[in-house]
Amino acid sequence: MTPPAAASAAAIRTDDPTTDPAADSAAAADAQAPAPSGLPGSGDDDPDERTAADPAAQGRTRSAASPTGARFTRPGGMFSSLRVRNYRYYFAGQVVSNTGTWMQRIAQDWLVLSLTGSPLAVGITTAMQFLPMLLLGLFGGVLADRMPKRRLLIYTQGAMGLLAAGLAVLTVSGIVTPYYVYAFALLLGLVTVVDNPTRQAFVSEMVGPKDLANAVSLNAANFQTARLVGPAVAGLLIAAVGSGWAFAVNALSFAAVIGGLLAMREGELRPTEPIAREKGQLREGLRYVKERPELLWPMVLAGFIGTFGFNFPTLLAGFAYDTFKVGAGQYGLLNTAMAVGSLAGALLAARRGAPRLRRLVGAALAFGTLEVVAAFAPDYWTFALLLMLIGVFGLSFNTSVNSLLQLATDPEMRGRVMGLLVLVFTGGTPIGAPIVGWVTASYGPRLGLLACGVVSALAAAAVGLVLARSADLRVRFDLHPGRGGRVVAVVPRTRTASKSELAPAC
């Protein structure tokens, strides 16, 4: 119930004219291969099946790969992953379930506020839901690696549906209290600890590395679309029949996800063999990330962006009521503007190919810089426009870090790595939100947003410098690049830079 969460380019390269002959051979071989003819619903749902059956193709796959062997191919269009039958079932179920999720979020906040009259109680409910991720997020990743992911998702989605149904019964019957809501939020958070990393790691088992980035982006677009529709439907339902029925609708929505999981063709999945239960697997996951700079530094950047950059509930309320003196309708429009920008960012990300570290750092730097600019917005409409742009780059960062980490991770470690990503990206909310809230309350929302933007931009710049130094790369500026050239390019600093394992991922 929490937001989520690629592969393209025949061979990863820098802007140096020196290239890898093996990668060139792979690119040439792929270019001569027949183009996929599969369309949604046709027999050839997954063009990658030919590669899996062709030993020669398997040999080519490793040569045109990331440092960990994940294959990168050219992008296949904005909706290329929907060619895969199993992913279509999953995507359709998520359309329904994500809408229900947003309905419950709105109804839950409204219910707590109506029971207590206290915004603090709403904050406690949110903290109860996020706290398990902060404390137990890594253990959820270990469980995701130990169990078959499709079966585990059926269990977690079913548990979430039962929790929503239980809260619906308590609310409709009139016996609900704030403490019941706190308890259900805590239980939901505990289930999410396992569900979130499992759900993100399962994407690669449905679509494979070629369409992973596209599928991650479409999942984000799916979630942002529900973010636009769900609150509106929830508002109408709450006004007509009360919050309890919004919880009931959300409970029913999980049937769509579970039905999609059960309807999948198991033979078309690419399941990762579950690891045996052993001591030290949690430490092994942490050590795995620590020893790989292509995983460690994106994870560090995600921690800073998630903890300080994404604190918009407190900030937007402050700008609406204190800075621009507008009502609830225009406050809601600010959230809508950000959701529209996020949706646009997700669709743009779906068109792009391989995730690159430079794109990740660039999106984070633009995100932080735009927050700094928005802190000085002279009027309401300028601020709303800047929020749309912030949404575009924030979602671009989100999808890039998700797909990049999955592709750079060995399959047997993917659950633990994604569990760590969820921990640093969303588990930091209970830490960052009070800090940003204190700054906003003490010095005003402009300074609060300025602080968030400065921290995000500085973190992006620092991580970019570390990665460039580790890969022996530098940024080249050319005001007269000529035909096909670039004004700004990342190039090797020395002749030996192209031999660095990190350089291709940059």
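Nothing here was measured: the structure is a model prediction, and the numbers come from that model.

A.B. asks: Please explain the overall build of the protein chain as it appears in this structure.
C.D. replies: In terms of regular secondary structure, the protein chain is built from 18 helices and two strands. Expressed as a percentage of its 506 residues, the buried residues of the protein chain come to 52%.

A.B. asks: How do you make sense of helix α10 (residues 281-290) when you look at a structure like this?
C.D. replies: Residues that lie three or four places apart on an α-helix share one face, since the helix turns once every 3.6 residues. Of the positions making up α10, those classed as buried are Gln281, Gly285, Tyr288 and Val289. Buried residues of α10, seen end-on, are gathered within an arc of 95 degrees and therefore sit on one face of the element. Exposed and oriented more than 90 degrees from the buried face of α10 are Arg283 and Lys290.

A.B. asks: What is the right way to read the nonpolar core from this model?
C.D. replies: The tendency in soluble globular proteins is for nonpolar side chains to be buried side by side. By size, the foremost hydrophobic cluster in this structure holds 52 residues, and its most contacted members are Leu301, Leu334, Phe383, Ile390 and Phe397. Contributions of two or more residues to this core are made by α10, α11 (293-309), α12 (312-323), α13 (328-351), α14 (357-375), α15 (380-407), α16 (414-426) and α18 (445-470). Per-element accounting of this core gives the leading share, 10 residues, to α15. Once residues lying within four places of it in the same chain are set aside, the contact partners of Ile390 are Phe312, Met338, Phe367, Leu370, Glu371 and Ala374. Ranked by size, the runner-up nonpolar core spans 22 residues in total, among them Ala107, Leu167, Leu170 and Val191.

A.B. asks: Whenever I open this one, the packing of aromatic side chains confuses me. Can you help?
C.D. replies: Think of a pair of aromatic rings as described by two things: how far the centres are apart, and how the planes are tilted against each other in angle. Counted by the stated rule, this structure contains 16 aromatic pairs. On the numbers, 6.4 Å between centres and 85 degrees between planes, the contact of Phe312 with Phe367 is edge-to-face. Pair noted here: Phe312 is in helix α12 and Phe367 is in helix α14, with a separation of 55 residues, a long-range link. Side by side, Phe312 and Phe367 carry an identical accessibility label, which is buried.

A.B. asks: Any chance you could explain a nonpolar patch on the surface here in plain terms?
C.D. replies: Nonpolar side chains collect at one region of the surface, where Leu131, Leu135, Leu136, Phe139, Leu187 and Leu190 lie side by side and expose about 520 Å² of accessible area between them. Listing elements by their share of the nonpolar patch, those giving two or more residues are α5 (119-146) and α7 (178-207). Residue contributions to the nonpolar patch peak at four residues, all from α5. Secondary-structure assignment places Leu136 in helix α5. The exposure class of Leu136 is partly exposed, given its relative accessible area of 34%.

A.B. asks: What am I meant to see in unusual backbone geometry here?
C.D. replies: Backbone geometry follows two general trends: most residues other than glycine have a negative phi, and most peptide bonds adopt the trans configuration. A positive phi angle is found at Lys325, which is not glycine, with a value near 55 degrees. Its location among the elements puts Lys325 in the loop between α12 and α13.

A.B. asks: Help me understand the packing of helix α6 (residues 149-173) against helix α9 (residues 243-263), please; the structure alone is not making it clear to me.
C.D. replies: When two helices pack together, their arrangement is given by the angle between the helix axes and the distance between those axes. Contact pair α6 / α9: the axes reach a minimum separation of 8 Å and the direction vectors enclose 165 degrees. If you check the angle between α6 and α9, you find them roughly antiparallel. By crossing handedness, the relation of α6 to α9 is classed as left-handed. Class assignment for the residues of the contact of α6 with α9 results in 17 nonpolar, seven polar and one charged.

A.B. asks: Looking at this model, I keep getting lost on the pattern of salt bridges. Mind explaining?
C.D. replies: If the charged atoms of two oppositely charged side chains come close together, the side chains can form a pair. On inspection of all chains with the given rule, the structure shows seven salt bridges. Note that Arg416 is salt-bridged to Asp145, the shortest N-O span being 2.8 Å. Of the two residues, Arg416 sits in helix α16 while Asp145 sits in helix α5, which places them 271 residues apart along the sequence. Here Arg416 matches Asp145 in class, with each residue buried. One salt bridge connects Lys210 with Asp211, and the closest N-O pair in it is separated by 3.3 Å. Per residue, the accessibility class of Lys210 equals that of Asp211, and both read buried. Each of Asp145, Glu284 and Arg416 takes part in one network of salt bridges that share partners.

A.B. asks: How do you make sense of the environment of Leu389 when you look at a structure like this?
C.D. replies: Within the fold, Leu389 resides in helix α15. Overall, the relative accessible area of 37% leaves Leu389 in the partly exposed class. As for Leu389 and Ala337, which are separated by 52 residues in sequence, their C-alpha atoms are 9.1 Å apart.

A.B. asks: Is there a simple way to explain the environment of Leu395 in this structure?
C.D. replies: Within the secondary structure, Leu395 sits in helix α15. Using a relative accessible area of 5% as the deciding quantity, one classes Leu395 as buried. Each C-alpha atom of the pair Leu395 and Gln224 lies 9.6 Å from the other, and the pair is 171 residues apart in sequence.

A.B. asks: Got a minute to help me understand the confidence of the model for the protein chain in this structure?
C.D. replies: Keep in mind that low pLDDT regions are not for reading the predicted coordinates in detail. Confidence in the prediction for the protein chain averages 78 pLDDT; 77% of positions are at 70 or higher. Within the protein chain, α6 carries the highest mean pLDDT (95), whereas helix α3 (residues 55-63) carries the lowest (38). In the predicted structure, residues 1-74 sits below a pLDDT of 50 and forms 145 contacts with residues beyond four places in sequence or in another chain.

Rules behind the numbers
Residues numbered from 1 in each chain as written. Predicted model: local features only at pLDDT ≥ 70, side-chain atom pairs only at ≥ 80, totals over all residues. Heavy atoms only, no water. Helix = DSSP H or I, 4+ residues; strand = E, 2+ residues; numbered from the N terminus. Buried < 20%, exposed > 50% of the residue type's maximum accessible area, 1.4 Å probe, protein only. Arc of directions from axis to C-beta. Core = buried A, V, L, I, M, F, W, Y, C linked by side-chain atoms within 4.5 Å. Contact = heavy atoms within 4.5 Å. Phe/Tyr/Trp six-rings, centres within 6.5 Å; stacked < 30°, edge-to-face > 60°. Patch = residues over 30% accessible without salt bridge, like charges linked within 9 Å, V, L, I, M, F, W, Y side chains within 5 Å. Areas by Shrake-Rupley, 256 points an atom, 1.4 Å probe, with all protein chains shown as cover. Salt bridge = Lys/Arg side-chain N within 4 Å of Asp/Glu carboxyl O. Axes fitted to C-alpha atoms, helices over the stretch in contact; angles between N-to-C directions. Parallel < 35°, antiparallel > 145°, perpendicular 65-115°, else oblique. Left-handed = near helix turned anticlockwise from the far one by under 90°. Nonpolar A, V, L, I, M, F, W, Y, C, P; charged D, E, K, R; others polar. pLDDT = per-residue confidence, 0-100.

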